[in-house]
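# Topology and contacts: notes
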Amino acid sequence: MENKEEEKLPVVIGASIFDIKISICDDDIPITMDGAMYKGKQPIQTAGGVGKNLAESIYKLYGKINFISVIGDDIMGESLLQLLPEALRCNVEKMHGYPTASRTTIVDKNGDVKLKLCDMEIYNVDMIRTHTNLLYLACVIIIDGHLPVR
């Protein structure tokens, strides 16, 4: 029986973010947020994050990849998983006690970004420690440098 060497795949470690973009339709957006209500368009929900974007691009070019990321055990995490290509889901782990990383971007009617609200509390080194076996077998390792430092 032949010993077949395991295939060395690229590994991307990084953020999976539930992105929401909301467009404000009003002409006048105040500089100071005062709690007023403004007319907006239907929010657009997408899967984002530098790590996810890199992993998806490499997957589309190369065909196989190991993407290491985390989501919360919540509705946004479930929605985010469904937005990810199936090939990227196998090493995305659910972390209990943390919300899924999210970013809400508010743009004006011209598409210019006016405000971004982000919650990235879920990211830490533990997401790497649980997948060290993939790192040893990688042909290349790419790390999302935008992960927050704790």
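Report follows, based on the coordinates.

Scoring rules and cut-offs
- Residues numbered from 1 in each chain as written.
- Predicted model: local features only at pLDDT ≥ 70, side-chain atom pairs only at ≥ 80, totals over all residues.
- Heavy atoms only, no water.
- Pairing = 2+ DSSP bridges.
- Helix = DSSP H or I, 4+ residues; strand = E, 2+ residues; numbered from the N terminus.
- Axes fitted to C-alpha atoms, helices over the stretch in contact; angles between N-to-C directions.
- Contact = heavy atoms within 4.5 Å.
- 1 Å grid on protein atoms, 1.4 Å probe; cavity = no way out; pocket = protein on both sides within 12 Å on 5 of 7 lines; lining within 4 Å.
- Points joined across faces, edges and corners; volume = space filled by probe spheres on them.
- Nonpolar A, V, L, I, M, F, W, Y, C, P; charged D, E, K, R; others polar.
- Expected span 1.5 Å × (residues − 1).
- Buried < 20%, exposed > 50% of the residue type's maximum accessible area, 1.4 Å probe, protein only.
- Arc of directions from axis to C-beta.

### Some thoughts on the sheet that holds strand 3 (residues 44–48)
- Across the sheet, 4 strands lie side by side as 3-2-6-7; this open sheet has mixed pairing. The sheet is open, and its two borders are formed by strand 3 and strand 7 (113–119), each paired with just one other strand. Each adjacent strand pair in this sheet contributes to an overall mean axis angle of 20°, direction not counted.
- Note: strand 2 (residues 17–23) against strand 3, 5 bridges, orientation antiparallel. Following the sheet pairing, isoleucine 17 is matched in strand 3 by glycine 48.
- The strands that helix 2 (residues 75–83) touches are strand 2, strand 3 and strand 6 (102–107); relative to strand 2, the one it contacts most, it runs at about 95°.

### Quick word on the sheet that holds strand 4 (residues 66–72)
- The parallel open sheet is built from 4 strands, whose spatial order is 5-4-1-8. Taken across any chain shown, the strands that pair with only one partner, and hence form the sheet edges, are strand 5 (92–95) and strand 8 (140–143). Geometrically, the sheet is characterised by an average inter-axis angle of 20° between neighbouring strands, direction not taken into account.
- Two strands pair when backbone bridges link them, and strand 1 (residues 10–13) and strand 8 are joined in this way by 4 bridges, in the parallel orientation. In the sheet register, valine 12 faces strand 8, and the bridge partner there is isoleucine 142.
- Helix 1 (residues 50–62) contacts strand 1, strand 4 and strand 8 of the sheet and is inclined by roughly 160° relative to strand 1.
- Of the strands in this sheet, strand 4 and strand 5 are in contact with helix 2, which crosses strand 4 at around 155°.

### Things to note about the environment of aspartate 28
- Mapping aspartate 28 onto the fold places it in the loop between strand 2 and strand 3.
- Residues aspartate 28 and alanine 138, spaced 110 residues apart in sequence, show a C-alpha to C-alpha distance of 51 Å.

### Structural notes on the layout of surface pockets
- Here the largest pocket defines a volume of roughly 220 Å³.
- What lines the largest pocket is a set of 14 residues, among which Ile24, Met33, Ala36, Tyr38 and Ile106 lie closest to the centre.
- Among the residues making up the lining of the largest pocket, the classes are represented as 9 nonpolar, 3 polar and 2 charged.

### Details of helix 1
- Taking 1.5 Å of rise per residue, 13 residues should cover 18 Å, and helix 1 covers 18 Å from first to last C-alpha, within 8% of that figure.
- Burial in helix 1 covers these residues: Gly51, Lys52, Ala55, Glu56 and Ile58. Take helix 1 and look down its axis: the buried residues cluster within an arc of 165°, on one side only. Seen from the buried face of helix 1, the exposed residues on the opposite side, beyond 90 degrees, are Lys60 and Leu61.
- Check the buried side of helix 1 and you find it contacts strand 1, strand 3, strand 4 and strand 8.
- Taken from the residues just after helix 1, glycine 63 is the one with a positive phi, measuring 100°.

### Overview of the pairing of strand 4
- With 7 of 7 residues buried, strand 4 lies mostly within the body of the structure.
- Of the pairings in the sheet, the one linking strand 1 to strand 4 comprises 3 bridges and is parallel in character. Its bridge partner being in strand 4, valine 12 is matched across the sheet by phenylalanine 67.
- Looking at chain direction, strand 4 and strand 5 are connected through 4 bridges and run parallel.

### Considering the side chain of lysine 52
- Summarising the element assignment, lysine 52 is placed in helix 1.
- For lysine 52, a relative accessible area of 7% gives the class buried.
- Those residues in contact with lysine 52, other than ones at most four positions away along the chain, are Ala15, Ser16, Ala47, Phe67, Leu84 and Leu88.

Geometric values such as these leave the question of function open.
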